[in-house]
Structure formats: C-alpha cells, structure tokens
Amino acid sequence: NICYNNSAIGIQLNLPSVNNKIYNNVSYNNKFGFIVGPSGNSSMAGTEVKNNIFVNNNEHDCANLAFGKPDPRPVLESNCYYNGDPRGRGNPEGVEASGVRGDPCFVDAEKYDFRLRGESPCIDKGQVIDGVISDYVGGGVDIGAYEYNE
C-alpha cells in the first residue's frame, strides 16, 4: 500500500486493535505517517509493523509515529524513517532500535514513483515474513512497497 498527501493520517489503527500486520507500505507526506489511537491503555497484542517506509510525515510538530499508550505496544522492526521524528509523539523513549534512518532514495517521489533507486539504504534490509513475503530479488527483502529490480 502507498499512502501519500493526506491532510491527516496515512495509516491508522484504533484501539483496541490486536493482531494487525502492517507490512511493506510507504507513507509519504502525510500529517502523520502512522498513528495508533485514540490514547488509551488498550492492548495491541500481536500487532507488527515491519518493512515500511515513513517519509515527510510531519506538519506543525506532528511526527511519523504517534501512539496512545497501548499495552503491549506493537512490534516495530525494519522500518525506514526520514524527515520526521522516529520516536513518535508522546513516546520519548523511542519505538524502534532497528531500522533505517535516512533517505530511502525513491525514483521520483514528486511524481509518486516510490520504487527504490540502486543506492537506497532500504535494499535488502527488510525481513522475510512467513506466509507473506517469501519471494524477493537480490540478497534479501527490501523495505517499502516495491522490491528493487535493476
């Protein structure tokens, strides 16, 4: 999935919300890239957010990722963050130790071409996800909606 130029949210989950699988998306130029809300202490058990790219998702101090206070929080792994705060608003300790911080090097984001260029740091940095992603090009799964292919 590709979500871009939304005046509010690219991807949203409302609480309570369990066992969601958010894989290989691009969220570009939205107010929020991904939000879990409204605020609360509901469970997000089994929710995974992997292999996604979040770029330019900030406006008026809004961040790429914003969470209420779900317990447990979703698992975030192998995502790419650029031009936004990867910690997420209201989450100062951070949400992901792994992942890519930097320009994903889209072919032409201004024309909404979100394929990766050869120099992208997202190439081969994603995770194989059993039952979802088993076929990929190169040495590993790419982060984002498209596999890089020369």
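Here we look at the overall build of the protein
Counting its secondary structure elements, the protein contains 0 helices and 13 strands. Shown N-terminal to C-terminal, the secondary structure of the protein runs as helices and strands in the order β-β-β-β-β-β-β-β-β-β-β-β-β. Per-residue burial for the protein yields a buried fraction of 47% across its 150 residues. For the protein, the proportion of contacts with a sequence separation of at least 24, taken over those separated by at least 6, is 62%. Carbon and sulfur atoms form 43% of the exposed surface of the protein, whose accessible area is close to 7,500 Å².

Remarks on the sheet that holds strand E10 (residues 80–82)
Ordered in space as E1-E4-E7-E10-E11, the 5 strands form an open sheet in which the pairing is parallel. The strands lining the two open edges of the sheet, one partner per strand, are strand E1 (2–4) and strand E11 (100–101). Note: E10 against E11, 2 bridges, orientation parallel. Residue pairing across strands places Tyr81 opposite Arg101, the latter belonging to E11.

What to know about the confidence of the model for the protein
Any residue range with low pLDDT should be treated as having predicted coordinates unsuitable for detailed reading. Per-residue confidence for the protein gives a mean pLDDT of 80; residues scoring 70 or more make up 77%. Taken as a whole, residues 60–64 scores under 50 in pLDDT and shows 21 contacts with residues more than four places along the chain or in a different chain.

Regarding the sheet that holds strand E6 (residues 48–50)
Spatially, 3 strands are ordered E3-E6-E9 in an open sheet, and the strand pairing comes out parallel. For this open sheet the edge positions go to strand E3 (21–23) and strand E9 (75–77), each flanked by a neighbour on one side alone. Strand-to-strand twist across the sheet, computed as the mean angle between neighbouring axes with direction ignored, equals 5 degrees. Here 3 bridges tie E3 to E6, and the two strands are oriented parallel to one another. Directly across from Tyr23, in E6, lies its bridge partner Lys50.

Section: the environment of Phe54
Among the secondary structure elements, Phe54 is positioned in strand E7 (residues 53–55). Given a relative accessible area of 1%, Phe54 falls into the buried group. Taking the C-alpha atoms as reference points, Phe54 and Asn83, separated by 29 residues in sequence, lie 8.5 Å from one another.

Focus on the side chain of Ser27
Assignment of secondary structure puts Ser27 in strand E4 (residues 26–28). For Ser27, the residues in contact, after removing those within four places along its chain, are Cys3, Gly10, Phe32, Gly33, Ile53, Phe54, Val55 and Asn57.

Thoughts on the nonpolar core
Among the nonpolar cores identified, the biggest contains 13 residues, and Tyr28, Ile53 and Phe106 are the most heavily contacted of them. At the level of secondary structure, the elements contributing two or more residues to this core comprise E4, E7 and strand E13 (113–116). Setting aside its immediate chain neighbours within four residues, Ile53 contacts Asn25, Val26, Ser27, Cys80, Pro104, Phe106, Leu116, Cys122, Ile143 and Gly144. Membership of the second largest hydrophobic core comes to 11 residues, among which are Cys3, Val49, Leu76 and Tyr81.

Definitions and cut-offs
- Note that residues are indexed from 1 along each chain, following the sequence as it is written.
- Under the rules for a predicted model, residues below a pLDDT of 70 receive no local features and side-chain atom pairs below 80 are neither given nor counted, while totals for whole chains, interfaces and linings still include all residues.
- With hydrogens and water set aside, each side-chain value is computed from the structure's full complement of heavy atoms.
- The secondary structure listing takes helices from DSSP runs of H or I that are at least 4 residues long and strands from runs of E that are at least 2 residues long, numbered from the N terminus.
- Partly exposed describes any residue whose relative accessible area lies between the buried limit of under 20% and the exposed limit of over 50%, with all areas from a 1.4 Å probe on protein chains only and scaled to the type maximum.
- Residue contacts follow a heavy-atom distance rule, with two residues in contact if any of their heavy atoms lie within 4.5 Å.
- The protein chains shown are the only cover counted for residues, whose accessible areas, like all others here, come from Shrake-Rupley with a 1.4 Å probe.
- When DSSP finds at least two bridges between two strands, those strands are taken to pair.
- Each residue gets a pLDDT score, which is the predictor's confidence in that residue and runs from 0 to 100.
- Only the contacting stretch of a helix is used when fitting its axis, a line to C-alpha atoms as for every element, and angles between N-to-C directions run 0 to 180 degrees.
- The criterion is simple. A nonpolar core is a set of buried Ala, Val, Leu, Ile, Met, Phe, Trp, Tyr and Cys residues joined through side-chain atoms within 4.5 Å.

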